[in-house]
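# Results of the structural survey
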Amino acid sequence: YEAMVKIVLGKIRFDESDLVVDVGGGTGSLTQAIYREARLKRNVLCVDPSESMLTLALEKDGVTPLKSTAEEFFDHEENYNFDKALILGSVHHFPDCTTMFKQWAEWLRPGSICFILTRPPNTTLPFFRKALPLFEKSTANAPAMEDCLRHIGLKVEVSEEKMEFNMSKDR
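Heads up: these notes are all about the structure in this document. None of the values given here were measured: they were computed from a predicted structure.

Looking now at the overall build of the protein. The secondary structure content of the protein amounts to seven helices and five strands. Start at the N end of the protein and walk to the C end: the helices and strands fall as α-β-α-β-α-β-α-β-α-β-α-α. Relative to its full complement of 171 residues, the protein shows a buried share of 36%. Counting contacts in the protein only where the partners sit at least 6 residues apart, residues at least 24 apart contribute 63% of the total. Just so you have it, the protein exposes about 11,200 Å², and 51% of that area is on carbon and sulfur atoms. Side chains of the protein give 21 positive and 26 negative charges; the mean places of these two sets differ by 6 Å.

Here is the structure:
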């Protein structure tokens, strides 16, 4: 998570008093790392539909878990009071981004930031042949999402970041 946290903190300036939500935060490990590195004073809300993942998030310092899908979360206007929203490697799980982000754009407070981190559909990782299609399937269509976000009136900035990934052959 260290490289991902570095990317997020390099792109977003957090204030210690920010209200932050991590949509699709899973176990809260990345959520906790951002909480600590950004030196936030308030817990980060970690939204995820998986109860077993959120059980692990309960153990993390600076993380408040909430069991919810992204669509359920974004369907309630009271959930739009965040200064920063993080969608880190999970946007490909959202079945209808257009509707969700359109509604979100209507309710966002001025100056709010949503940071979406995704990965490209291709990889140089040494996956087995059968694993490559699954990897490609689990990525977001970044150009289509970018067009969608611009079309609904959001200001969009895109950058490509590279990070090194090492894993033992055994693993």
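The discussion continues.
On to the nonpolar core. Core analysis: the biggest nonpolar cluster contains 20 residues, and V21, V23, F73, F74, V91, F94 and F101 have the highest contact counts within it. Ranked by the residues each element gives to this core, the list is headed by helix α5 (residues 97-107), at four residues. In terms of nonpolar packing, the next biggest core, distinct from the first, is built from 17 residues, I7, F14, V20 and L30 among them.

It is worth spelling out the pattern of salt bridges at this point. Two side chains of opposite charge can pair, provided their charged atoms sit close to one another. Applying the stated criterion across every chain yields a total of seven salt bridges. Notably, a salt bridge pairs K84 with D18, separated by 2.6 Å at the nearest N-O pair. Of this pair, K84 sits in strand β4 (residues 84-88) while D18 sits in the loop between α1 (2-11) and β1 (20-23), and the two are 66 residues apart along the sequence. Since its relative accessible area comes to 5%, D18 is described here as buried. Put simply, R150 and E146 hold a salt bridge, and the shortest N to O gap is 2.4 Å. Of the two residues, R150 and E146 are both situated in helix α7 (residues 142-151); the distance of four residues between them amounts to about one turn of the helix.

What follows covers unusual backbone geometry. The backbone of R39 shows a phi angle near 55°, a positive value even though the residue is not glycine. The residue R39 is located in the loop between α2 (29-37) and β2 (44-48) in this model.

What counts, and at which threshold
Residues numbered from 1 in each chain as written. Predicted model: local features only at pLDDT ≥ 70, side-chain atom pairs only at ≥ 80, totals over all residues. Heavy atoms only, no water. Helix = DSSP H or I, 4+ residues; strand = E, 2+ residues; numbered from the N terminus. Buried < 20%, exposed > 50% of the residue type's maximum accessible area, 1.4 Å probe, protein only. Contact = heavy atoms within 4.5 Å. Areas by Shrake-Rupley, 256 points an atom, 1.4 Å probe, with all protein chains shown as cover. Lys, Arg positive; Asp, Glu negative; His and termini not counted. Charge placed at Lys NZ, Arg CZ, Asp CG, Glu CD. Core = buried A, V, L, I, M, F, W, Y, C linked by side-chain atoms within 4.5 Å. Salt bridge = Lys/Arg side-chain N within 4 Å of Asp/Glu carboxyl O.

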